[in-house]
Amino acid sequence: MSEHVEWSEPEGPAPTATAAVTPADAADAARLVSFGLQPKLQPARDQEYADLLRRYREDPPFARLADAVATGLGLIVLEVSPRAGMAVTAAEDSVFAVRMGDYARRTSADGGDRFLHGLAHLAVAAMAFPRPEDLADDGYIGRVTVNGVDAFVRQACRRLEERAAEQGENTDPATDTPGLEAAWRIWVRRSATGATKDARRLAGSTTGIVAKAVAFLTESGFLHRTGDDNGGTYRTTARYQLQVRDMAGSAAMAELLELGVVPVTDGTPTLLPAEESDDLELVADAGLPFHSS
């Protein structure tokens, strides 16, 4: 009598064991995120930072862990690379978010000037990267000057006034009217430099407001100061390019660029020839990272 044998399907391969996350791994991931929160720190000058970036690129589980740490802190990872380091930006609900109201208080600006400070940041971004291809090119370096940004906004204001006049709209809205277009009109009525006896730039003047904006961006690792000409000259960093990419879809920036005040030929932003005007004499020699409150 033969013995009955029951056959069964062969067992599949045993699942690959996933290495457990260790406290040391979590500490390294948090360390990498902490480096990302120090925008002036360059990976090329810090070996530990460079090593953690390499691990992020070569070790997918570690990369996911670092991304999770960033997400838990309310941060959005824009890029992780040798050129930009771990570039992060704060989500609106993050403890690291900088709001325009907070920024304005740092600059001792009153409520009405908050629109102007926001416009200054928007104009710096638009002048630094006036074309989509500038944002797409990792090797592109934008250059701006304080006087150039001020002249740019004044010319943009004139374009808006011309457009409003053609459409029969009110070209002189109330000073406290909210909105970006009102801010441009308030800007052109503000003195460019102030009227101190020793020709010092007043903080409440438009060039003073731009100077505050570029100083903040420099302290944040987004710009590098390169000289003193034209109120101060600056060049962009990889981190700033990533930040502007993140905001490039905003309606305000699109409207500003559509005015055509910054024609570009060889990749260098330049201003259109200024009209003869007493106001433009104030900006002679002329060469956008917040959440709403």
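1. Quick word on the sheet that holds strand β4 (residues 223-227)
Part 1 of the argument: An order of β3-β5-β4 is seen for the three strands of this open sheet, with the pairing classed as antiparallel. Every interior strand has two partners, whereas the edge strands, β3 (143-145) and β4, have only one. Strand after strand, the sheet turns through a mean of 30° between neighbouring axes, direction not considered.
Part 2 of the argument: Along the sheet, helix α9 (residues 206-219) makes contact with β4 and β5 (233-236), crossing β4 at roughly 115°.

2. A word on the environment of Lys-40
Part 1 of the argument: Within the fold, Lys-40 resides in the loop between α1 (23-36) and α2 (47-58).
Part 2 of the argument: C-alpha of Lys-40 to C-alpha of Thr-218: the two residues are 178 residues apart in sequence and 8.8 Å apart in space.

3. Section: unusual backbone geometry
Part 1 of the argument: Backbone geometry at Asn-230 places phi at a positive 55°, although glycine is not the residue there.
Part 2 of the argument: Positionally, Asn-230 belongs in the loop between β4 and β5.

4. Examining the pairing of β4
The side chains of a regular strand alternate, first on one face of the sheet and then on the other.
Part 1 of the argument: Judged from the four bridges that link them, β4 and β5 form a sheet pairing that is antiparallel. Within the sheet, the bridge partner assigned to Arg-225 lies in β5 and is Tyr-234.

5. A few points about the side chain of Thr-233
Part 1 of the argument: Structurally, Thr-233 can be placed in strand β5.
Part 2 of the argument: You can call Thr-233 buried: its relative accessible area is 15%.
Part 3 of the argument: Polar side-chain contacts of Thr-233 include one of 2.9 Å to the backbone nitrogen of Gly-227.
Part 4 of the argument: Beyond its immediate sequence surroundings of up to four residues, Thr-233 is in contact with Val-144, Thr-145, His-224, Arg-225, Thr-226, Gly-227 and Asp-228.

6. Observations concerning the packing of aromatic side chains
In this description, a pair of aromatic rings is defined by centroid distance and the angle of the planes.
Part 1 of the argument: By the definition in use, this model includes four aromatic pairs.
Part 2 of the argument: Aromatic ring contacts, followed pair by pair, group Phe-129, Tyr-140, Phe-222 and Tyr-240 into a single cluster.
Part 3 of the argument: One residue, Arg-55, lies across the ring of Phe-62, its end atom 4.1 Å from the ring centre.

7. So, α2
Part 1 of the argument: Between its first and last C-alpha, α2 extends 16 Å over 12 residues, near the 16 Å set by a 1.5 Å rise per residue.
Part 2 of the argument: Within α2 the residues assigned to the buried category are Tyr-49, Ala-50, Leu-52, Leu-53 and Tyr-56. With its buried residues spanning 165° around the axis, α2 presents them on a single face. Among the exposed residues of α2, those pointing more than 90 degrees away from its buried face are Gln-47 and Glu-58.

8. A short note on the pairing of strand β2 (residues 85-90)
Part 1 of the argument: Among the six residues that make up β2, six are buried, leaving the element largely enclosed by the rest of the structure.
Part 2 of the argument: Hairpin geometry of strand β1 (residues 75-81) and β2 is characterised by an intervening segment of three residues between the two adjacent antiparallel strands.

9. Focus: the pattern of salt bridges
Part 1 of the argument: Following the criterion strictly, the structure yields 12 salt bridges and no others.
Part 2 of the argument: The partner of Arg-55 in a salt bridge is Asp-59, and the shortest N-O contact between them spans 3.6 Å.
Part 3 of the argument: According to the relative accessible area criterion, Arg-55 is partly exposed, its value standing at 24%.
Part 4 of the argument: Among the residues examined, Asp-59 registers a relative accessible area of 25% and is labelled partly exposed.
Part 5 of the argument: A salt bridge links Asp-138 to Arg-83, with the nearest nitrogen and oxygen atoms 3.2 Å apart. Placement of Asp-138 in the loop between α6 (132-136) and β3 and of Arg-83 in the loop between β1 and β2 is noted, with a sequence separation of 55 residues between them.
Part 6 of the argument: Its relative accessible area of 43% is what places Asp-138 among the partly exposed residues.

Parameters and conventions
Residues numbered from 1 in each chain as written. Predicted model: local features only at pLDDT ≥ 70, side-chain atom pairs only at ≥ 80, totals over all residues. Heavy atoms only, no water. Pairing = 2+ DSSP bridges. Helix = DSSP H or I, 4+ residues; strand = E, 2+ residues; numbered from the N terminus. Axes fitted to C-alpha atoms, helices over the stretch in contact; angles between N-to-C directions. Contact = heavy atoms within 4.5 Å. Buried < 20%, exposed > 50% of the residue type's maximum accessible area, 1.4 Å probe, protein only. Polar contact = N/O pair within 3.5 Å; in protein donor to acceptor, adjacent residues only side chain to side chain. Phe/Tyr/Trp six-rings, centres within 6.5 Å; stacked < 30°, edge-to-face > 60°. Lys NZ or Arg CZ within 6 Å of the ring centre and 35° of its normal. Expected span 1.5 Å × (residues − 1). Arc of directions from axis to C-beta. Salt bridge = Lys/Arg side-chain N within 4 Å of Asp/Glu carboxyl O.

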